[in-house]
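# Architecture at a glance
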Amino acid sequence: MNGQTNRTRREQWAEAVKPILESVEARGDAALLEWTTQFDGVDVIETVDLETFEPPDAYRELTEALTLAAERIRTFHARQQRQDDVFEDEMFRLGRRFMPLDSVGVYVPGGTAVYPSSVLMNIIPAKVAGVKRVVMVTPPKQGGIDLSLLIAAKIAGADECYLVGGAQAVAALAFGTETISAVDKIVGPGNAYVATAKSLVSHFVGIDSVAGPSEVLIIADETANPRWVAADLLAQAEHDVEATALALVTTSEQAEAIRSELDKQLLDLPRRDIAVEALKRGGVLVKTKAAAIRYANDMAAEHVQLAVTDPADYMAQIRHGGSFFLGHEAAEAFGDYIAGPNHVLPTSGTARFSSGLSVDDFYRRQTFLEMTAIDEAVTRAAIRIARQEQLEGHARAMAVRLEDV
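For clarity, every value in this text was computed on a predicted model and none was experimentally measured. (Residues numbered from 1 in each chain as written. Predicted model: local features only at pLDDT ≥ 70, side-chain atom pairs only at ≥ 80, totals over all residues. Heavy atoms only, no water.)

The element helix α6 (residues 166-175) is extensively covered by neighbouring structure, given that nine of its ten residues are classed as buried. Those residues of α6 lying buried are G166, A167, Q168, A169, V170, A171, A172, L173 and A174. Downstream of α6 by one or two residues, G176 has phi in the positive range, about 85°. (Buried < 20%, exposed > 50% of the residue type's maximum accessible area, 1.4 Å probe, protein only. Helix = DSSP H or I, 4+ residues; strand = E, 2+ residues; numbered from the N terminus.)

On to the sheet that holds strand β12 (residues 303-307), then. Pairing within the open sheet is parallel, and its five strands lie in the order β11-β10-β9-β12-β13. In this open sheet, the two strands that pair with only one neighbour each are β11 (283-286) and β13 (323-326). Here the average twist between neighbouring strands, direction ignored, is 20°. Relative to β11, strand β10 (residues 244-249) is paired through four bridges, and the arrangement is parallel. Opposite A247, over in β11, you have V284 as the bridge partner. (Pairing = 2+ DSSP bridges. Axes fitted to C-alpha atoms, helices over the stretch in contact; angles between N-to-C directions.)

Right, let's talk about the nonpolar core for a bit. Membership of the largest hydrophobic core comes to 39 residues, with the highest contact counts inside it found for V119, L120, I123, M136, L150 and F362. Broken down by element, this core gets its largest block of residues, eight residues, from helix α4 (residues 116-129). Once you skip the residues sitting within four places of it in the chain, F362 turns out to touch M99, P100, L101, V104, N122, P125, A126, A129, V131, V187 and L357. One finds V17, I20, L32 and V135 within the second-largest nonpolar core, a separate group that totals 27 residues. (Core = buried A, V, L, I, M, F, W, Y, C linked by side-chain atoms within 4.5 Å. Contact = heavy atoms within 4.5 Å.)

What follows is about the packing of aromatic side chains. Applying the stated criterion to the full structure yields three aromatic pairs. With 5.6 Å between their ring centres and 10° between their planes, W35 and F39 make a pair best called stacked. Taken together, the residues span about one helical turn, with W35 and F39 both in helix α2 (residues 29-40) at a distance of four residues. For W35, a relative accessible area of 17% translates into the label buried. For the cation-ring pair, K289 lies above Y314, with the distance from its terminal atom to the ring centre recorded as 4.7 Å. (Phe/Tyr/Trp six-rings, centres within 6.5 Å; stacked < 30°, edge-to-face > 60°. Lys NZ or Arg CZ within 6 Å of the ring centre and 35° of its normal.)

All right, on to the pattern of salt bridges then. In total, this model carries 19 salt bridges according to the counting rule given. Notably, a salt bridge pairs R281 with E242, separated by 3.3 Å at the nearest N-O pair. Here R281 is found in the loop between α10 (272-279) and β11, whereas its partner E242 is found in the loop between α8 (226-237) and β10, with 39 residues between them in sequence. What makes R281 partly exposed here is its relative accessible area of 46%. A salt bridge links E277 to K280; its shortest N-O distance comes to 3.2 Å. Through salt bridges with shared partners, a single network forms among K289, D310 and D313. (Salt bridge = Lys/Arg side-chain N within 4 Å of Asp/Glu carboxyl O.)

A contiguous nonpolar surface patch, about 270 Å² in accessible area, is contributed by L369, M371 and I374. Mapping M371 onto the fold places it in strand β14 (residues 363-371). (Patch = residues over 30% accessible without salt bridge, like charges linked within 9 Å, V, L, I, M, F, W, Y side chains within 5 Å. Areas by Shrake-Rupley, 256 points an atom, 1.4 Å probe, with all protein chains shown as cover.)

Right, let's get into helix α15 (residues 392-403). Over its twelve residues, α15 extends 16 Å from the first C-alpha to the last, a length consistent with the 16 Å expected when each residue adds 1.5 Å. Within α15, burial applies to A395, A399 and L402. What you see down the axis of α15 is that its buried residues fit within an arc of 50°, all on one side. Opposite the buried face of α15, by more than 90 degrees, sit the exposed residues G393, R396 and R401. Where α15 is buried, its residues contact α14 (376-388). (Expected span 1.5 Å × (residues − 1). Arc of directions from axis to C-beta.)

Within the element layout of this structure, H77 appears in helix α3 (residues 60-78). Overall, the relative accessible area of 0% leaves H77 in the buried class.

Overall, antiparallel pairing links the three strands, which are arranged β2-β3-β14 in an open sheet. Here the strands that pair on one side only, and so sit at the sheet edges, are β2 (85-88) and β14. The sheet shows a mean angle of 15° between the axes of neighbouring strands, taken without regard to direction. Here β2 runs beside strand β3 (residues 92-100); their pairing, made up of four bridges, is antiparallel. Pairing of F87 across the sheet is with L94, part of β3.

We now examine the pairing of β13. By the alternation rule, side chains of β13 split into S323 and F325, which are all buried, and F324 and L326, of which none is buried. The β-α-β motif built from β12, the intervening helix α12 (residues 311-317) and the parallel element β13 has right-handed crossover chirality. (Right-handed = clockwise from strand over helix to strand, strands pointing away.)

Running from N to C, α2 and α6 point in directions that differ by 160°, and their axes come no closer than 9 Å. What the angle tells us is that α2 and α6 run roughly antiparallel. For the pair α2 and α6, the crossing hand works out as left-handed. Contacts from L32, W35, T36, F39 and D40 in α2 reach Q168, A169 and A172 in α6. (Parallel < 35°, antiparallel > 145°, perpendicular 65-115°, else oblique. Left-handed = near helix turned anticlockwise from the far one by under 90°.)

The quantities given are spatial measurements derived from coordinates; they are silent on function.
This is the structure in structure tokens:
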């Protein structure tokens, strides 16, 4: 797809989304309900009481699995908590403090596939940072919400949950309605309309990112297990027809072995058609080690899996990647669910300049200064700079203090 086509599609999405955002901003619940009825066939804005919600017995094993995953994710992210920093020099007491956001909205898709793991990954860092109010929104469904999402939300510590979705839910979080109070930041994945809505409201609230299709780049040497590499490629390819699942291998024999395994494993894969289509965007290529490293740096993939004997050496040379998975055993799927690091990662080459979701995304960094003395040399230097910029008022605000000491 060329740039012009991409631009046209983005413009079409924006044209569809803007009236939704504007109407919810202007008319609140009334507009939110109209759009929910039109798109989801539900004529009520339902609130879920997470405090009284209890998982049914039939979900006991899933609850235990999500609880274990949450514990590991919470432990990893707790190490990212920030401490205020203060120091003094000859003139100032200086520092910065980290203030958690007051409120965060988490968008959770509710289409053909549901991802309780993403509920954990988006809510837990916010709660670890100290966000007091975390609001989850997810589209209503005729058959009712998938209970796995509610179980994950309760385990992660969500404070509020509303069954609304689409661009109208993003508008409600950004602008507030009678039922849903506005938040300070919106995170979480969604379809093209949700992503467009997040982008358009980013002037009013913070957002995490506008994520693209998922990606994995696997670099595998001759010691890699072809069966494992094929399985890892399919784990990514089954996400979406737009996903990228690519392996770079060192020998043509290894490439053929992996392709053979792909054919075998595709036979009974439930999401086979999706994976087959996605593999057209990736597959298996033969590269030298040096060429593979160059390719990885150019691609800046969301996931970089190093199925090689010396993964640390490879990682030292690969500057760009959302998250790294080192060694033959480290399937990227472990990172999706239970290892601990966040699976919300930069896509589409944005790993060149951005990072995965973390506790840092839910802090505001504030600096402060206190005068402990007035140093003449420092003050006169500041005055000289102000006058160079022709801001005499600035210069005088400092000079008057020097004169009155």
